[in-house]
Amino acid sequence: MKPATPLAEKLTMSEGGARVIPVPPPLFYALAFGTGMALRSATVPLAIDGSLTRILPGVILGGAGILLVTTAVARVRRRGTTLVPHRPVTRLLTDGPYRLSRNPMYTGLALTYVGATLLVGTWWPLLTLPAAGIAIWILFVAPEERYLATRFGQDYITYTQKTRRWL
């Protein structure tokens, strides 16, 4: 029997792609947001005051997040690689939204989340967002980065030196 290894090492690389759990990453954002809304209902509302000062930024941030996610998804599909982290990546994407962020889908989801938080008018979901961010980092981003470094070598290292992880 093999000795146990840390979770991060177990989630490094699989036969196909990055070794990650087979749960869609948006679910982590949805769970954190739902938890924030449940906390609002179960405790004090922690309202965000000022409808115009929160609605307009909420629409802008939410819209920017949705745009970032959809352009990243479109780029992946157009280039014929995969959206699923545990499947093999056929190309290293460095253009389009990937020239702004190494993780435009996760960044876009976070922007959408913040925009939605402003629109619902409570601070609770913003307080639960770090839990989603930490889960995404540990369970997806770190294993994906290790996989891409192994898969694309110096090309990926050069890309990481030129492009920020988030924005």
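Just above, that's the structure.
Given the structure is predicted, the values throughout are model-derived calculations rather than measurements.

Taken together, the side chains of Leu100, Ile134, Trp137, Ile138, Trp166 and Leu167 make up a nonpolar region of the molecular surface, amounting to roughly 580 Å² of accessible area. Residue classification places tryptophan 166 among the partly exposed positions, given a relative accessible area of 35%.

Our focus in this paragraph is the packing of aromatic side chains. Here the structure, examined in full by the defined rule, presents five aromatic pairs. A ring pair is formed by phenylalanine 28 and phenylalanine 140, whose centres lie 5.7 Å apart and whose planes are at 75°; its orientation type is edge-to-face. With phenylalanine 28 in helix H2 (residues 26–42) and phenylalanine 140 in helix H5 (residues 124–152), this residue pair connects regions lying 112 residues apart in the sequence. Taken as a pair, phenylalanine 28 and phenylalanine 140 share a single burial class, namely buried. Aromatic ring contacts, followed pair by pair, group Phe28, Tyr106 and Phe140 into a single cluster.

As a further point, take the packing of H5 against helix H6 (residues 154–162). For any two helices packed against each other, the geometry comes down to the angle between their axes and how far apart the axes lie. H6 packs onto H5 with a crossing angle of 130° between their chain directions and a minimal axis gap of 6 Å. When the axes of H5 and H6 are compared, the pair comes out oblique. Where H5 abuts H6, its residues Glu145, Leu148, Ala149 and Phe152 lie against Gln154, Asp155 and Tyr156.

In this section: the side chain of arginine 54. Position of arginine 54 among the secondary structure elements: in helix H3 (residues 51–78). In contact with arginine 54, not counting residues within four places along its chain, are Ile48, Asp49, Leu118, Leu119, Val120 and Gly121.

By volume, the largest pocket amounts to about 690 Å³. Along its surface, the largest pocket is lined by 36 residues, and Leu83, Tyr98, Met105, Tyr106 and Glu144 are the ones closest to its centre. Residue assignment for the lining of the largest pocket shows that the elements contributing at least two residues are H3, helix H4 (104–120), H5 and H6. Of the residues forming the lining of the largest pocket, the biggest block, seven residues, is contributed by H5. Here the residues of the lining of the largest pocket sort into 28 nonpolar, four polar and four charged.

Another aspect to go through is the nonpolar core. By size, the foremost hydrophobic cluster in this structure holds 26 residues, and its most contacted members are Tyr29, Ile136 and Phe140. Among the secondary structure elements, those contributing two or more residues to this core are H2, H3, H4, H5 and H6. Ranked by residues supplied to this core, first place goes to H5 with ten residues. Not counting residues within four places of it along the chain, the set of residues in contact with phenylalanine 140 comprises Val20, Ile21, Val23, Pro25, Phe28, Pro85, Tyr106 and Ala135.

Let's shift gears to the side chain of threonine 107. Structurally, threonine 107 is set in helix H4. Among the polar contacts made by the side chain of threonine 107, one reaches the main-chain carbonyl oxygen of asparagine 103 at a distance of 2.9 Å. Those residues in contact with threonine 107 that sit more than four places away from it in its chain are Leu68, Ser101, Arg165, Trp166 and Leu167.

Cut-offs and rules
The residue count restarts for each chain, going from 1 along the sequence in the order it is written. Since the coordinates come from a predicted model, pLDDT governs what is reported: local features require at least 70, and pairs of side-chain atoms require 80 or more to be given and counted, while whole-chain, interface and lining totals use all residues. Excluding hydrogens and water, the side-chain figures rest on all heavy atoms present in the structure. Each patch is built from residues lacking any salt bridge and having more than 30% relative accessible area; the joining distance is 9 Å for like charges and 5 Å for nonpolar side chains (Val, Leu, Ile, Met, Phe, Trp, Tyr). The method behind every accessible area is Shrake-Rupley, applied with a 1.4 Å probe, and residues are considered shielded solely by the protein chains displayed. By convention in these notes, a salt bridge is any Lys or Arg side-chain nitrogen within 4 Å of a carboxyl oxygen on Asp or Glu. For the exposure calls, accessible area comes from a 1.4 Å probe over protein chains only, and a residue counts as buried if that area is under 20% of its type's maximum, exposed if over 50%, partly exposed in between. Pairing of aromatic side chains here covers Phe, Tyr and the six-membered ring of Trp, requires ring centres within 6.5 Å, and sorts the geometry by plane angle: under 30 degrees stacked, over 60 edge-to-face, intermediate tilted. For helices the rule is a DSSP run of H or I covering at least 4 residues; for strands it is a run of E covering at least 2, with both sets numbered from the N terminus onward. Fitted lines through C-alpha atoms serve as axes, helices being fitted only where they are in contact, and the angles separating the N-to-C directions of these axes extend from 0 to 180 degrees. Comment on the angle field: the value is read as roughly parallel under 35 degrees, roughly antiparallel over 145, roughly perpendicular from 65 to 115, and oblique elsewhere. Only heavy atoms matter for contacts: two residues are in contact if any of them lie within 4.5 Å across the pair. The rule is simple: put a 1 Å grid over the protein atoms alone, call a set of points where a 1.4 Å probe fits but cannot get out a cavity, call an open set with protein on both sides within 12 Å along at least five of seven lines a pocket, and count a residue as lining if it has an atom within 4 Å of a point. Grid points are joined across faces, edges and corners, and a volume is the space filled by probe spheres set on the points. The nonpolar class holds Ala, Val, Leu, Ile, Met, Phe, Trp, Tyr, Cys and Pro. Asp, Glu, Lys and Arg form the charged class, and all remaining residues, Gly among them, are polar. Put simply, a nonpolar core is a bunch of buried Ala, Val, Leu, Ile, Met, Phe, Trp, Tyr and Cys residues held in one set by side-chain atoms that sit within 4.5 Å of each other. Identification of polar contacts relies on pairs of N or O atoms within 3.5 Å, with a donor-acceptor requirement for protein atoms, meaning one able to donate a hydrogen and the other able to accept it, and with residues adjacent in sequence counted only if both atoms are side-chain atoms.

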